[in-house]
Amino acid sequence: MESLALTFSSGWASGINAYLVVLVLGVVQRTTGAEEIPDVLGTWPVLAAAGLMFAIEFVADKVPYIDSTWDSISTVIRPTIGAIIGVLIAGEADSLNAAVAGVVGGTSALMSHLVKASERLAVNSSPEPVSNSVVSLAEDGLVLGVVWFATEHPLAAAGVAAVLLVAGLVLVYLIVRTVRGGWRRLTRRGRRGAPPPEGPSDGTTKPYPVS
């Protein structure tokens, strides 16, 4: 249960910033030798690659519209990394457990990624660029805190990740509902303001031609 909880937490976090998840897990494994974290994540090549990609995403994720482009590119990458981490955490488990871990990690990463991408589209509608940086820093802080907490208390961290995921899904639902309502009101105003159809100046109805 603890390994599955760690898989879910890391999967949720991977949907937001997969490279930071790999970096945090790798640093924890490298410094503490935690048995629940795969050794490969603590190797220098993995840490260097994760650190480089995190640095690139750290900048791209804070620039309006570029962040949404980066999210589009990461639609496949983040769930894949979440699934791989889940399989690695399963370790020497049988193929069924590894498959379950991969599905849990990949699915939770995909759901949180969709939440993140939807929220960023809403944030990009604001005219100022400061909100993008604030939201991005908050997301990085959540990922860092949840993953670090998960290495010590996986079950509690999984509960936190589940609450955050549900809250994100509810927020996205409210955003979509608000956008749809605004679009309908705008459409109705456009119809009301449309000029009446042209007809005869005397107010009579123009007869249809008889063939």
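This structure is a prediction, so every number in the text was calculated from the model and none was measured. (Residues numbered from 1 in each chain as written. Predicted model: local features only at pLDDT ≥ 70, side-chain atom pairs only at ≥ 80, totals over all residues. Heavy atoms only, no water.)

The next subject is the pattern of salt bridges. Summed over the entire model, instances satisfying the criterion amount to eight salt bridges. Where K62 meets D140, a salt bridge forms, and the shortest distance between an N and an O atom there is 3.2 Å. A residue pair is termed long-range when its members are at least 10 positions apart, and K62 in the loop between α2 (44–60) and α3 (66–90) and D140 in helix α5 (residues 130–152) qualify at 78 residues. Assessed through its relative accessible area of 13%, K62 is described here as buried. The closest approach of N and O atoms between D67 and R120, which form a salt bridge, is 2.9 Å. (Salt bridge = Lys/Arg side-chain N within 4 Å of Asp/Glu carboxyl O. Helix = DSSP H or I, 4+ residues; strand = E, 2+ residues; numbered from the N terminus. Buried < 20%, exposed > 50% of the residue type's maximum accessible area, 1.4 Å probe, protein only.)

As a further point, take a nonpolar patch on the surface. Residues F58, V59, V63, I66 and L137 make up a contiguous nonpolar surface patch of about 410 Å² in total accessible area. Along the chain, I66 turns up in helix α3. Judged by relative accessible area, which is 44%, I66 ranks as partly exposed. (Patch = residues over 30% accessible without salt bridge, like charges linked within 9 Å, V, L, I, M, F, W, Y side chains within 5 Å. Areas by Shrake-Rupley, 256 points an atom, 1.4 Å probe, with all protein chains shown as cover.)

Here we take up helix α1 (residues 2–32). With 31 residues, α1 extends only 18 Å from end C-alpha to end C-alpha; this falls clearly short of the ideal 45 Å at 1.5 Å per step. For α1, the principal kink sits at N17 and spans about 130 degrees. Burial within α1 is extensive, with 24 of its 31 residues counted as buried. Immediately downstream of α1, the backbone of G33 shows phi near 65 degrees, a positive value. (Expected span 1.5 Å × (residues − 1). Bend = angle between axes of the 7 residues up to and from the residue.)

With that settled, consider the packing of aromatic side chains. Given two aromatic rings, one states the distance between the centres and the angle between the planes to describe the pair. A complete count under the given rule lists one aromatic pair for this structure. Over the ring of F58 we find K62, and its NZ or CZ is 3.6 Å from the ring centre. (Phe/Tyr/Trp six-rings, centres within 6.5 Å; stacked < 30°, edge-to-face > 60°. Lys NZ or Arg CZ within 6 Å of the ring centre and 35° of its normal.)

Interaxial distance between α3 and helix α4 (residues 95–123) falls to 7 Å at its minimum, and their mutual angle equals 160 degrees. Accordingly, the angle class assigned to the pair α3 and α4 is roughly antiparallel. The hand of the α3/α4 crossing is right-handed. A class-by-class count of the residues in the contact of α3 with α4 yields 10 nonpolar, 10 polar and five charged. (Axes fitted to C-alpha atoms, helices over the stretch in contact; angles between N-to-C directions. Parallel < 35°, antiparallel > 145°, perpendicular 65-115°, else oblique. Left-handed = near helix turned anticlockwise from the far one by under 90°. Nonpolar A, V, L, I, M, F, W, Y, C, P; charged D, E, K, R; others polar.)

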